[in-house]
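Architecture and fold: a report
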Amino acid sequence: MRHSTLLQRDCRQARRILGLWLWIAVFGVGVWADDLAGSASALPAGLSETERQTLQKETNPKDHLDACLKIGTSRLATAVEAVKQERYETAAQALRIYTGLLDYTHGYTRQTAKEKVRQHMLRKLETTLRQQLPVLEWMVNGMPECHEGCARQALNRARSIRRESLNAYFGGEFLRAGDPPTE
């Protein structure tokens, strides 16, 4: 009698574990597929409604890139002004949105179907980031330690995207991860 009770309890636990595993597998695959489908087209969080509408109405890839870069430059300028006025929390928030916009812009640029258009867009993105890197470096040095992480993350992401853009533009490993970027 005792043996059958233990066996029934073990079977119930095994069914629960199997059911939970199946639920996680099915739900996880569904969420993963949604993330893959929506990750490229999802606009970054924190944009104003005007900025969202501007990006959504631009359907031409070059115009969309220009709008992304314009909004990113605006967010970076907002962060610079906030640092000058010692409003570091505002600067950190603007830098978070700027970093999200960089990731979105880079992903959008890499997905453009036509090779010639993509090459032009990668070059424009790289040029813009090259101009913004000194500002980001200044911000890393100008922010207090508690907010410096946002500036450092934005700087590292801008460097990484610039390197990836150069590598995609020129092919292969034009710049390796350990190479210092040229100015």
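Provided above is the structure to which this section pertains.
Summarised in this report is the structure supplied together with it. (Residues numbered from 1 in each chain as written. Predicted model: local features only at pLDDT ≥ 70, side-chain atom pairs only at ≥ 80, totals over all residues. Heavy atoms only, no water.)

Attention now moves to the overall build of the protein. When its secondary structure is counted, the protein shows 6 helices and 0 strands. Taken from the N to the C terminus, the helices and strands of the protein come in the order α-α-α-α-α-α. Across the 183 residues of the protein, 34% fall into the buried class. Considering only contacts in the protein between residues 6 or more positions apart, those separated by 24 or more positions represent 64%. (Helix = DSSP H or I, 4+ residues; strand = E, 2+ residues; numbered from the N terminus. Buried < 20%, exposed > 50% of the residue type's maximum accessible area, 1.4 Å probe, protein only. Contact = heavy atoms within 4.5 Å.)

Turning to the packing of helix H3 (residues 61–84) against helix H4 (residues 88–111), a few remarks are in order. As a packed pair, H3 and H4 sit with axes 8 Å apart at the nearest point and diverge in direction by 160 degrees. Relative to H4, the element H3 lies roughly antiparallel. The handedness of the crossing between H3 and H4 is left-handed. In terms of residue class, the contact of H3 with H4 is built from 18 nonpolar, 6 polar and 1 charged. (Axes fitted to C-alpha atoms, helices over the stretch in contact; angles between N-to-C directions. Parallel < 35°, antiparallel > 145°, perpendicular 65-115°, else oblique. Left-handed = near helix turned anticlockwise from the far one by under 90°. Nonpolar A, V, L, I, M, F, W, Y, C, P; charged D, E, K, R; others polar.)

Quick look at the packing of helix H5 (residues 115–142) against helix H6 (residues 145–170) now. Two numbers describe how H5 lies on H6: the axes approach to 8 Å, and their chain directions differ by 155 degrees. Looking at the two axes, H5 sits roughly antiparallel to H6. In the crossing of H5 with H6, the sense of the turn from one axis to the other is left-handed. Broken down by class, the residue content of the contact of H5 with H6 amounts to 15 nonpolar, 2 polar and 8 charged.

Counting residues in each nonpolar core, the largest one holds 38 residues, and the members touching the most others are Leu55, Leu95, Tyr98, Leu136, Met139 and Met143. For Leu55, the contacting residues outside a window of four places in its chain are Leu43, Leu47, His64, Ala67, Cys68, Ile71 and Leu101. (Core = buried A, V, L, I, M, F, W, Y, C linked by side-chain atoms within 4.5 Å.)

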